[in-house]
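Descriptive structure summary
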Amino acid sequence: MIGKQVFYFRHVFIVLLLIIGNRASAQKRRDFFLPDIPGYVTLKADFHMHTPFSDGSVWPTDRVMEAWRDGLDVIALTDHVEYNPNKQDVSTDLNRPFAIARPVAERHNILLVKAAEITRKMPPGHFNALFLDDPNLLKKDDLNEAFAAAAAQGAFFIWNHPGWKVQQPDSTHWFPIHDEFLKKGWLHGIEVFNDTEFYPIVHRWAFDRNLTMFANSDAHGPIDFGYDPEEGARRPFTLVFARERSIPAVREALFARRTAVVFNDTLIGQESLLLPLIERCLKFAVTQTKKEDATEVFAILSNTSDLPMELSGISNDDFSLPSNLSVSARSSVVVRIGLREGKMQQKDISVRFKVMNVLTGPDKPLEIPFKVAYSR
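A few points on the structure. (Residues numbered from 1 in each chain as written. Predicted model: local features only at pLDDT ≥ 70, side-chain atom pairs only at ≥ 80, totals over all residues. Heavy atoms only, no water.)

**Description of empty space enclosed by the protein**
Empty space among the atoms becomes visible once a probe the size of a water molecule is rolled across them. Here the structure, examined in full by the defined rule, presents one cavity of 30 Å³ or more. Taken as a whole, the largest cavity spans an internal volume of roughly 60 Å³. Contributing to the lining of the largest cavity are Leu77, Asp79, Leu94, Pro97, Phe98, Leu112, Val113, Lys114 and Ala115. In terms of residues, the lining of the largest cavity owes the most to one element, strand 3 (residues 111-119), which gives four residues. Across the lining of the largest cavity, the residue classes break down as seven nonpolar, no polar and two charged. (1 Å grid on protein atoms, 1.4 Å probe; cavity = no way out; pocket = protein on both sides within 12 Å on 5 of 7 lines; lining within 4 Å. Points joined across faces, edges and corners; volume = space filled by probe spheres on them. Helix = DSSP H or I, 4+ residues; strand = E, 2+ residues; numbered from the N terminus. Nonpolar A, V, L, I, M, F, W, Y, C, P; charged D, E, K, R; others polar.)

**Quick word on the packing of aromatic side chains**
Note on aromatic pairs: each is described by the distance of the centres and the angle between the planes. Counted according to the given criterion, the structure contains 20 aromatic pairs. Residues Phe53 and Trp59 carry aromatic rings whose centres are separated by 5.3 Å and whose planes lie at 45° to one another, so their mutual orientation is tilted. Exposure remark for Phe53: the relative accessible area of 3% places this residue in the buried category. By relative accessible area, Trp59 is classed as partly exposed at 36%. On the basis of an interplanar angle of 50° and a centroid distance of 6.3 Å, the ring pair of Phe284 and Phe353 is categorised as tilted. Of this pair, Phe284 sits in strand 12 (residues 282-288) while Phe353 sits in strand 18 (residues 348-361), and the two are 69 residues apart along the sequence. For the residue pair Phe284 and Phe353, the accessibility class agrees, reading buried in each case. In this arrangement the basic side chain of Arg209 is found over the ring face of Trp174, its NZ or CZ atom lying 3.9 Å from the centre. (Phe/Tyr/Trp six-rings, centres within 6.5 Å; stacked < 30°, edge-to-face > 60°. Buried < 20%, exposed > 50% of the residue type's maximum accessible area, 1.4 Å probe, protein only. Lys NZ or Arg CZ within 6 Å of the ring centre and 35° of its normal.)

**Notes on the layout of surface pockets**
Its volume calculated, the largest pocket comes out at about 380 Å³. Along its surface, the largest pocket is lined by 23 residues, and Gly232, Ala233, Arg234, Arg235 and Asn264 are the ones closest to its centre. Those elements giving two or more residues to the lining of the largest pocket turn out to be helix 7 (223-226) and strand 10 (259-263). A per-element tally of the lining of the largest pocket places helix 7 first, with three residues. Its residues assigned to classes, the lining of the largest pocket shows ten nonpolar, four polar and nine charged.

Written out as structure tokens, the structure reads:
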């Protein structure tokens, strides 16, 4: 009997070790590589998540671990100021999520922004206030007093999910109060993408009104419930081009509008930021020297990033380029350049491609040039 018990417990112990080992391996960091650009480090961020301290179901420390595993560098826990359905079970102190998460964030080199979500009817809607000292001071019945309390702490304000059907069921409107908030300095950024929704009209607003653009998960439940990694899904995130990896540098970058957004294999941002980024992602190299009478040149186009690229060549009177070219993450393709009659004696040419899934304005793909040098 004793021998059987020993065998049984040894068997259970081995099974437990295997379970623990599998759980540990599941926590490997899933990095998403996009390079730094001159003068800045490229940080990946999610500035909109919830915990049980409002209406979320994931503990603050687990939010940090989810973010670390998803390859993020910066996060904000943005529990609702006015809405806490779990108040019978957890503290109503809005400083608690940050305090609980901070030690784990520091151990995993995650920059943690203290924040909260001001939750009001439309207009003006829901706003995240970032870089707060004490979110509890935002607990005001009067809307203006709540925003003033956040502004007094130097808050950065993001208008969340402007196209959310619950608040704007028919269409997405910009209200006069949003103009007032702009004048008062109570509106700095806007979510172009929230959870699984892209708002094209909001992209136009951000472009026209010089608002900092964001893509955030707005996660309430476990992140993998919304974005299944086994199906290749990934949460949306905001790229922050910061002078260094620090909270003050992130804050400076947001106020300076140095962000871009990534969602569904799409990248949106300012041309001044995205052109140097994509130039470091795509490498173009001629592989075949053309003969005296040849009318084509071949090159290798390599994508060193984790963002798939969809390109369209811009042909002209000198040469023709492929109109549809897909370059998967961390892969290469062969590109044929057809030379027009009379252009075969040139030793080098400049070609341009549109990167169709990288937008520098509403419906405006980024254009990227390459120098093609070859010998006859």
